[in-house]
Each structure stands twice: as structure tokens, then as C-alpha cells.
Amino acid sequence: MELSFVYSGNETVGAMVTARLEAAGCTRTEDIAHAEAIITFCTSQTALEDAYFDEEGLVQAAGKGALLIDLSASTPSFARELNAVAVVSDLMSVEAPLVVVDMARADAFGDRDNLVCFVGGDEEAVDEARPVLEAIAGTVQETGGAGSAQLARAAYTLQTTAQVISAVESDALYRAVRRSSASLDQAVERVGAATPVAEQVLAAVNTGRFDGTYTVEMFMAELSAALTAADDVDLILPQAEACLHLLELLAVIGGADKAPAALALVYGEEKACAEQGLDWTRAEQAYGDASEDFDDLDDGCGHDHDHGSYPDYPGYGAYSAN
């Protein structure tokens, strides 16, 4: 496959995309006007909109007939908007949000078979993009017209998030009960993980693997996109919103670059948090005056942080419209 491409966005994903496409015979270039394909992966809606629609954005800079491939988790409405703009600009647009199957792997992007992408867009554009996507991900699943892949991604994200949080909280319960019940048999067997995602996360927690290339920042971006999609149709998702606040808290105390399994640290001992570079005083600093109203609420972490109910973290406000 011979193709010149431009990549814009997160460089962890960019390094993976570049390596796989170059191995397939493609060439990365910085010449947007003459690139045959433009590939993006952004971790916030604001960054994605700026990348495409700024005054000097990709839509303006791309040459006629170029193929736009967005690997980001976004919203159906954004995907439809980008597709409409591409059509009137004599471009082709494909939404192909990436899915990391085992998010607990240290090198989550290192194995092509650990990646899936849903693909939506006009049939001709999808056909053009398929060889590129098959070089990047082990599974390419077509979903239909513009917006359909982002809808499928949002649904997948909501289910995955519930599995991750439930696994972390069940682990926290076992650990908390054992700490407080000296008479409890420490060898008592746990109930097994209910899903593959839960199994992956619990394995990482039990072995202390809290770092990886798939990060809390990426996880937050995906969940925020799903919540924004729900907000676009006036749907409230309380469980997902609560999960996003928990992720925001982890990011505030220094965990944005950790793997999602690091959520377990939020429920653990403060010493364990400190050993992983997490600092609860950052939450007080980030939340400002709101901390004065906190009521020493125990959030299940095993220790008090005096953070009460979490206000929106200002640094991540662009992630969610809820």
C-alpha cells in the first residue's frame, strides 16, 4: 500500500500509527496540502474541533480529494458535521474511533490484535480507508453512515466504564473488610471477575501494574464523548457521570498519565497513593474554595481526604458538557 499521510494529535497513538503504516509501505509527511490521507487522534473534543475547524485547520489545509480519518472518540453530531463539511470541501471523511480491548496492558497499542475500530461514513470513503485501518487495528467493524461509528463507540464506552468501576469497587470492598476484620480468614476466595474487562483490571490491580500507554486521560476522553452524545439528546446518565467525576479526581491528584487500573489507588491507603506519585493536596488546590464546604465525607477510599462531593475539575471541563 503506497500512501502519503499526515498525522495530528496524541503522539503515543501517532507513533503506533506511523510505525504500522510505514511498515505497510506508506509515508508520513508534514505536507498537509499534498497528503493523500490525514489521520487524527485527539483526547478532547475541543482539541479535535480546533484540529479540523480552526482558521488554519486540517479542513482548510487539506488538498482536494484527501481522505480524513479520525480515530478519536467523539460524538455522532461531530462526525456528521465533519462529514458534511468534507463533502462541500471536496474531501472524504471517515470516523474510525479506536477501541483498546485490554486497557490494562503495559503497551496497550503494541499489539495490533488488541485494537478494534468501528468505522462509519460514506461507502466510498470507508472503502478507501479500510486498507489503512486494517494496517492499524486487528478488527475493523463497519457500522453504517456518518455518526454511526461514534454512537457504537459511545455505547461500548459506557459498558466498559461500568465494568472497570465495578471491578475496582469490588476489590476495594474485599480489601477494606479484610483490614477491618481481624477474624476474617485472609485466604477466603474472592468471587471471580464477571467480565473479561473486569478480569484484566483486577489482574493489574493485584500485581500493582498502574502504568501503561493507554491512560486515564484517554479513558476520560472516551467517557466524556459518550456523555456529550447523551447530552445532545437530553439524556442523563448518572452512573457514567459519577464515573467521570472519579476519573477527574484521579487526574487531579496526578493520575492522568496512569493506566485506568490506578483507580484502585483512590480507594486505597494514602501511602500507596504517594508511592505512585499521587498527591491528595492537589485536589484541595484544584478545587479551591469549594474545599471549605467539604464535610469530611468518606468516599470509600479507606482514608479521609476532606474532599466531599467533587466539583468539576477546571482543568478537564472541556471533556464533558454535563
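Structure report, in brief. (Residues numbered from 1 in each chain as written. Predicted model: local features only at pLDDT ≥ 70, side-chain atom pairs only at ≥ 80, totals over all residues. Heavy atoms only, no water.)

A closer look at the pattern of salt bridges
Defined as follows: Take a side-chain nitrogen of Lys or Arg and a carboxyl oxygen of Asp or Glu: if they are within 4 Å of each other, that pair is a salt bridge. Going along the chain from the N terminus, every DSSP run of H or I of four or more residues is numbered as a helix, and every run of E of two or more is numbered as a strand. For every residue, the accessible area (1.4 Å probe, protein chains only) is compared with the maximum for its type, and the residue is labelled buried under 20%, exposed over 50%, or partly exposed between those bounds.
Across all of its chains, the model carries nine salt bridges by this definition. Put simply, R130 and E134 hold a salt bridge, and the shortest N to O gap is 2.8 Å. With R130 and E134 both in helix α5 (residues 123-136) and four residues apart, this pair spans about one turn of that helix. Residue E134 is classed as partly exposed on the basis of its relative accessible area, which comes to 35%. Between E142 and R130 there is a salt bridge, with the nearest N and O atoms lying 2.9 Å from each other. A residue pair is termed long-range when its members are at least 10 positions apart, and E142 in strand β8 (residues 139-144) and R130 in helix α5 qualify at 12 residues. Connected through shared salt-bridge partners, E11, R28 and E30 make up one network.

Thoughts on the side chain of T75
Definition in use: Think of a polar contact as two N or O atoms within 3.5 Å of one another; within protein, one of them needs to be a possible hydrogen donor and the other a possible acceptor, and neighboring residues in sequence only count if both atoms come from side chains. Residues are treated as being in contact if the distance between any of their heavy atoms lies within 4.5 Å.
Mapping T75 onto the fold places it in the loop between β4 (67-70) and α4 (76-88). Its relative accessible area of 2% is what places T75 among the buried residues. A distance of 3.1 Å separates a polar atom in the side chain of T75 from a polar atom in the side chain of S77. Non-local contacts of T75, meaning those with residues more than four positions away in its chain, are made with Q45, Q150, A225, T228, A229 and D232.

A look at the pairing of strand β3 (residues 37-41)
Which entries qualify depends on this criterion: Paired strands are those between which DSSP finds at least two bridges.
Counting buried positions along β3 gives five out of five residues, so the element sits mostly inside the fold. Burial of the side chains of β3 extends over both faces: A37, I39 and F41 are buried on one face and I38 and T40 on the other. The pairing of strand β1 (residues 4-9) with β3 spans five bridges and is classified as parallel. Following the sheet pairing, F5 is matched in β3 by A37.

Topic: the packing of aromatic side chains
Stated precisely, the cut-off is as follows: Centre distance within 6.5 Å is the pairing criterion for rings of Phe, Tyr and Trp, where only the six-membered ring of Trp is used; planes under 30 degrees apart are then read as stacked, over 60 as edge-to-face, and the remainder as tilted.
Scanning the model with the defined rule gives four aromatic pairs in all. Here F53 and F78 contribute two aromatic rings whose centre-to-centre distance is 5.8 Å and whose plane-to-plane angle is 55°, an arrangement assigned as tilted. Taken together, the residues span a long stretch of sequence, with F53 in helix α2 (residues 45-53) and F78 in helix α4 at a distance of 25 residues. The partly exposed category is assigned to F53, whose relative accessible area is 30%. The buried category is assigned to F78, whose relative accessible area is 3%. Their ring planes at 50° and their centres at 6.4 Å tell us that Y214 and F219 sit as a pair that is tilted. Across this residue pair, the class does not change: Y214 and F219 are buried.

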